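Residue-level structure breakdown
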Amino acid sequence: MTNIKNQGFSYEWEKLYKKNTHSPTWPWSDIVSYINIYCKKTLDFKKVLEIGCGSGANIPFFQKRGHYFYGIDGSKVIIKKLKIRYPKLRNNLVACDFTKEIKFDKIFDVVIDRGSSIHNTSINIDKCIKLLVKKLRKNGIYIGVDLFASDHTSAKLGKYVDKFTRKNINTNQFKGAGKVHFFTKKDLIRLFVSNGFEILTLEHIKKKILIGKEKINNCTFNIVAKKL
């Protein structure tokens, strides 16, 4: 049996997509902001790859700006739905494990990671970044948002997988979501610098839920990095 530390895609997400319980339709505001700050000239950042593209919430935004959008997700279910919804992009949407391969014979200008890589172990996140850096052109941009931080309330919950990763976290936010990685600032910086990136911005966001079923500290990182 494969060691869970070496397993990639969390197949729990296949179940979530089948149930249609995780299907946002609006582009993420942080993605919009960072693209307009760091990739303002569309012609210079034409080809965009989103890993863990999910239900395709960011696709209309990139289409409107005139980018060429490519998406990867480990879920065959969600990719099939996206191909029906966006028939013109069917050749640009692929179901595969992005910690093991990037099934596009292209070099990209921008990589988007909206809280997708963090549903993997430390080993596989490193593998993913190593694959992505090979697919980015020189001075290409990586934008990662909603990467969970080690001071998140759930960082010590669930079942231990590795030092920074847990699974089976029984909270409203993570129930059924498989593995969840929680970065420290030091670990996140090391990951990108050691893989040939210059960090352009690193933000730590702390949202404290004061009223609700779960009173938690929802702590995340946003990072923008440039391939050297």
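Below, the structure is looked at part by part. The model shown is predicted, which means the values in this text are computed figures rather than measured ones.

Notes on the environment of Gly212
- With respect to the helices and strands, Gly212 occurs in the loop between strand E9 (197-208) and strand E10 (217-227).
- On the accessibility criterion, Gly212 (34% relative accessible area) is partly exposed.
- Residues Gly212 and Cys39, spaced 173 residues apart in sequence, show a C-alpha to C-alpha distance of 37 Å.

Section: the pairing of strand E4 (residues 108-114)
- The buried fraction of E4 is high, at seven of seven residues.
- Across four bridges, the pairing between strand E1 (residues 47-51) and E4 is parallel. Counted as the bridge partner of Glu50 is Ile112 from E4.
- The pairing of E4 with strand E5 (residues 136-148) spans six bridges and is parallel. Of the residues in E5, the one forming a bridge with Ile112 is Ile143.
- As for the winding sense of the linkage, the β-α-β connection from E4 through helix H5 (residues 122-135) to E5 is right-handed.

Regarding the packing of aromatic side chains
- Tallying each qualifying case throughout the model produces twelve aromatic pairs.
- Centroid distance Tyr70 to Phe108: 5.3 Å. Interplanar angle 70°. Geometry classified as edge-to-face. Taken together, the positions of Tyr70 in strand E2 (residues 68-73) and Phe108 in strand E4 put the pair 38 residues apart, joining distant regions of the chain.
- Taking relative accessible area as the criterion, Tyr70 reaches 8% and is therefore assigned buried.
- Judged by relative accessible area, which is 0%, Phe108 ranks as buried.
- Between Phe148 and Phe174, the aromatic rings sit 4.9 Å apart at their centres with planes inclined by 85°, giving edge-to-face as the arrangement. Placement of Phe148 in strand E5 and of Phe174 in the loop between strand E7 (165-167) and strand E8 (180-181) is noted, with a sequence separation of 26 residues between them. Just as Phe148 is buried, Phe174 falls in that class too.
- Over the aromatic face of Tyr68 sits the side chain of Lys46, whose NZ or CZ is 5.3 Å from the ring centroid.
- If you follow Arg114 out to its NZ or CZ, it ends over the ring of Trp28, 3.6 Å from the centre.

Let's talk about the sheet that holds strand E6 (residues 159-162)
- Taking strand neighbours across the sheet as the criterion, the three strands line up as E6-E7-E8 in an open arrangement whose pairing is antiparallel. The sheet is open, and its two borders are formed by E6 and E8, each paired with just one other strand.
- When E6 meets E7, the two strands line up antiparallel, connected through three bridges. For Asp162, the partnering residue across the bridge sits in E7 and is Thr165.

Focus: the pairing of E2
- Taking burial as the measure, the six residues of E2 include five buried ones, the bulk of the element.
- By the bridge criterion, five bridges tie E1 to E2 in an arrangement that is parallel. The partner of Lys47 across the bridge, within E2, is Tyr68.
- This β-α-β element, E1 to helix H3 (residues 59-65) to E2, shows right-handed connectivity.

Parameters at a glance
- Residues numbered from 1 in each chain as written.
- Predicted model: local features only at pLDDT ≥ 70, side-chain atom pairs only at ≥ 80, totals over all residues.
- Heavy atoms only, no water.
- Helix = DSSP H or I, 4+ residues; strand = E, 2+ residues; numbered from the N terminus.
- Buried < 20%, exposed > 50% of the residue type's maximum accessible area, 1.4 Å probe, protein only.
- Pairing = 2+ DSSP bridges.
- Right-handed = clockwise from strand over helix to strand, strands pointing away.
- Phe/Tyr/Trp six-rings, centres within 6.5 Å; stacked < 30°, edge-to-face > 60°.
- Lys NZ or Arg CZ within 6 Å of the ring centre and 35° of its normal.

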